[in-house]
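Chain by chain, the residues run as shown.
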Amino acid sequence: MPQHPGVFGVSAILSREPRESDLPVCPICADTMIAVEASAVMDAHTIRYLWSCDNCGYGFVSTHKGRPFLCN
C-alpha cells in the first residue's frame, strides 16, 4: 500500500495490513481472530472480551484496561 501524507500520524494507520493489527491469534491453530463473541464491562476502566476461533473452536478471554480520562 502506498504511503499517504500523514496528518497526525494517520499514515502509520493507513499503511498497516489487516493481519498486522493487534488482533489476537489462536494459540492452537494460529488463525487470527476477527471479532469477539461477547464483551463485558467490569468497571469504569476494564472490559473483558470472549474470543472464539472460527477455525478450531478454541476460546479464551482477554482483558483491556483503559486509562482514566482526565479533563483540565
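As shown above, the structure is provided for reference.
Just so we're clear, the structure is a prediction, and the values are computed from it rather than from any experiment.

Draft legend 1. Spatial organisation of the side chain of threonine 46. By the secondary structure assignment, threonine 46 is in strand 2 (residues 46-52). Accessibility expressed as a relative area gives 7% for threonine 46, which makes it buried. Excluding residues that lie within four positions of it along the chain, threonine 46 makes contacts with Ala40, Val41, Thr63, His64 and Lys65.

Draft legend 2. Molecular detail of the pairing of strand 1 (residues 38-43). By the bridge criterion, five bridges tie strand 1 to strand 2 in an arrangement that is antiparallel. If you follow alanine 38 over to strand 2, its bridge partner there is leucine 50. Here strand 1 folds back onto strand 2, and the loop between the two strands holds two residues.

Draft legend 3. Broad picture of the state of the cysteines. As enumerated under the stated definition, the model contains zero disulfides in all. Its sulfur unpaired, cysteine 26 is 3.6 Å from the next cysteine sulfur, which belongs to cysteine 56. Among the residues examined, cysteine 26 registers a relative accessible area of 3% and is labelled buried. Relative accessible area serves as the criterion here: at 38%, cysteine 56 is assigned to the partly exposed category.

Draft legend 4. Here's a closer look at unusual backbone geometry. In the Ramachandran plot, alanine 30 falls in the positive-phi region, its phi being about 65° despite a non-glycine side chain. Within the secondary structure, alanine 30 sits in the loop between helix 1 (10-14) and strand 1.

Draft legend 5. Seen up close, the nonpolar core. Core analysis: the largest hydrophobic core is formed by five residues, namely Cys26, Met33, Trp51, Cys53 and Phe60. Residue contacts for cysteine 26: discarding those within four places in its chain leaves Asp31, Met33, Cys53, Cys56 and Tyr58.

Cut-offs applied
Residues numbered from 1 in each chain as written. Predicted model: local features only at pLDDT ≥ 70, side-chain atom pairs only at ≥ 80, totals over all residues. Heavy atoms only, no water. Helix = DSSP H or I, 4+ residues; strand = E, 2+ residues; numbered from the N terminus. Buried < 20%, exposed > 50% of the residue type's maximum accessible area, 1.4 Å probe, protein only. Contact = heavy atoms within 4.5 Å. Pairing = 2+ DSSP bridges. Disulfide = S-S within 2.5 Å. Core = buried A, V, L, I, M, F, W, Y, C linked by side-chain atoms within 4.5 Å.

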